[in-house]
Amino acid sequence: MPDIDFLSAAELAAQYRKRTLSPVEVLAATLARAEAIQPTLNPFCLFDAERARAAAQASEKRWAAGAPLSPLDGIPIAIKDNQAVAGQPGASGSLALDLFPAAEDAPHVARLREAGAVFYARTTMPDFAWKAVTDSPRTGVTRNPWDKALTPGGSSGGAAVVVAAGCSPIATGSDGGGSIRIPAAFTGIYGIKPTTGRVPGISEAPDISATGPLARTVADAALALAVMCHTDRGDPIASALTVPDFVAATHRGVKGLRVAVSATCGFAHTDTARLGPLAAAARALRDAGATVEEVDPAAWNIRRSYLTVVEAAFGAVAAALPGARLALLDPGLIETARRGMMTSAAAARAAELDRIRLMRVFIAFLNDYDLLLTPCVPIAPFRAGENVNTPDVEAYPEWYDWTPYTWVFNATKLPAASCPWGLDAGGLPQAVQLVAAHFREDLILQASAVLEAAMPYPRPPE
């Protein structure tokens, strides 16, 4: 029997087709692996084994009859705790919410269910996804499979650990400031944040947050994204969109594409010692036929404007909670929400206008280039712990300060992906980021597949 734990979704589907593996066998291995890593890494907040087994048995019958629903039929997929799965309780990582079973699936979850995916567990996240590491008063600390003393990043940290540690080939995440890309970079896997609005569903911050997949291969991410993007009549943006053939995009290569490479993204700075992956990834794209040019967009630092939008969103979340529940929130979230509740309408509007101006700059820039290649996270994974959100309060007062390359593309609503690029001098994962124009996730997937071929993804030590 093959090493089930680290097979891709595509490889699992091939095994199902040949009848050398079944969805029931794979789920059993998935649950065993999950049980083994949970005590030390803590990426799960709920298991749903009974219903998962029923779904796997139904999938097994479809494959035996030669009638699978899709290539994802029978594939175990873990769902982030802020995404509704019918019948499963979710609390967005917060003690402030009661655990009530969801009445229906979120739109992207419904599409995955229709494709035959097996939902076996929910993954950990910080309180209401407020920060870029993964610990919360409800679930405690989630740890990095590369070094258990370190954080996997966040807020989709549990999802990233599940994939990196070999529990399932795909997990869902959400990204309002880097929450897919940061943990992907810290754990050595692939994560793509689509254009805001590409995946149906309306969150508490629909103008900055996007739902997307984390996976061990670009092909698996493309497969999952294609399903998650299917239209939903309840969504005012995604319902009007057509979905490109994301899977086919992974085979097109980059010949003829124009790639801009920027170490600063126009305003950010990183240690030059950590720019090796950027230069190497640029060479790989050039060697594959892309036209590569070092050039910075005419961007500026809108940290304050981004924070204004984010803090106002969390202020609204806190305002909707009964007073007695506020004390149950992560202390850092309480302070963030307090600032948000003090934000004036005029300040919020000024922040939005700042975002629009910067968005126009990137639109103009990406009219001249197909892709922008940047650093992803300018630091290595740092220590995990309760109420930790930065490795150095002097150099990086808050998490926004060590993630400038990620949240800027939430502020501008552009699609972006974290692409693993080997290990740093300390033996920890490092990554680069690919960005494209709005709704051109296909271009990101084209280039991501080239980078994956040039630098195969690392696997954590056992």
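Please refer to the structure placed before this passage.
To keep things clear, this report deals only with the structure shown in the data block. This structure is a prediction, so every number in the text was calculated from the model and none was measured. Here the residue numbering is sequential within each chain, running from 1 through the sequence in written order. A pLDDT threshold of at least 70 governs which residues receive local features in this predicted model, and a stricter bar of 80 or more applies before side-chain atom pairs are shown or counted, although totals over entire chains, interfaces and linings include all residues. To get the side-chain values, take all heavy atoms of the structure and skip hydrogens and water.

**Observations regarding the state of the cysteines**
Reasoning step 1: Any two cysteine sulfur atoms lying within 2.5 Å of each other are counted as a disulfide. Going through the model one piece at a time under the given rule, you end up with zero disulfides.
Reasoning step 2: Cysteine C167 is unpaired, with the sulfur of C45 as its nearest cysteine sulfur at 13 Å.
Reasoning step 3: No disulfide involves C419; its nearest neighbouring cysteine sulfur is the one of C376, lying 8.3 Å away.
Reasoning step 4: The exposure class assigned to C419 is buried, which follows from its relative accessible area of 1%. Exposure is judged per residue with a 1.4 Å probe applied to protein chains only, and the accessible area is read against the type maximum: over 50% gives exposed, under 20% gives buried, and values in between give partly exposed.

**Describing the sheet that holds strand β6 (residues 170-175)**
Reasoning step 1: Here 11 strands make up an open sheet; going across it, the order is β1-β3-β2-β6-β8-β7-β12-β13-β11-β9-β10 and the pairing mixed. At either end of the open sheet lies a strand with only one pairing partner, and these are β1 (44-47) and β10 (291-294). Strand after strand, the sheet turns through a mean of 25° between neighbouring axes, direction not considered.
Reasoning step 2: Two strands pair under a simple rule: DSSP has to find at least two bridges between them. A run of H or I in DSSP becomes a helix once it reaches four residues, and a run of E becomes a strand once it reaches two; helices and strands are each numbered from the N terminus. Looking at chain direction, strand β11 (residues 371-375) and strand β13 (residues 429-435) are connected through four bridges and run antiparallel. Within the sheet, the bridge partner assigned to P375 lies in β13 and is V432. Lines fitted to C-alpha atoms define the axes here, with helix axes fitted over just the stretch in contact, and angles between the N-to-C directions of these axes take values from 0 to 180 degrees.

**Re empty space enclosed by the protein**
Reasoning step 1: A 1.4 Å probe that fits but cannot get out identifies a cavity on a 1 Å grid over protein atoms alone, an open set with protein on both sides within 12 Å along at least five of seven lines counts as a pocket, and a residue lines either if it has an atom within 4 Å of a point. Grid points are joined across faces, edges and corners, and a volume is the space filled by probe spheres set on the points. By the definition in use, this model includes three cavities of 30 Å³ or more.
Reasoning step 2: Counted as a void, the largest cavity has a volume near 140 Å³.
Reasoning step 3: Every residue lining the largest cavity is counted, 16 residues in all, and those nearest its centre are R274, C376, V377, Q430 and A431.
Reasoning step 4: Elements with a contribution of two residues or more to the lining of the largest cavity: α6 (181-187), α9 (276-287) and β13.
Reasoning step 5: A total of four residues in the lining of the largest cavity trace back to one element, the largest contributor, which is β13.

**Thoughts on the pattern of salt bridges**
Reasoning step 1: The rule for a salt bridge is simple: a side-chain nitrogen of Lys or Arg has to be within 4 Å of a carboxyl oxygen of Asp or Glu. Summed over all chains, the structure comprises 27 salt bridges.
Reasoning step 2: Here R325 and D98 are joined by a salt bridge, their closest N and O atoms 3.1 Å apart. Residue R325 is located in helix α11 (residues 323-326), and its partner D98 is located in the loop between β2 (76-80) and α4 (107-114); the two are separated by 227 residues in the primary sequence.
Reasoning step 3: The exposure class assigned to D98 is partly exposed, which follows from its relative accessible area of 41%.
Reasoning step 4: It is possible to trace a salt-bridge network through shared partners that takes in R303, R304, E311, E335, R338, R339, E398 and D401.

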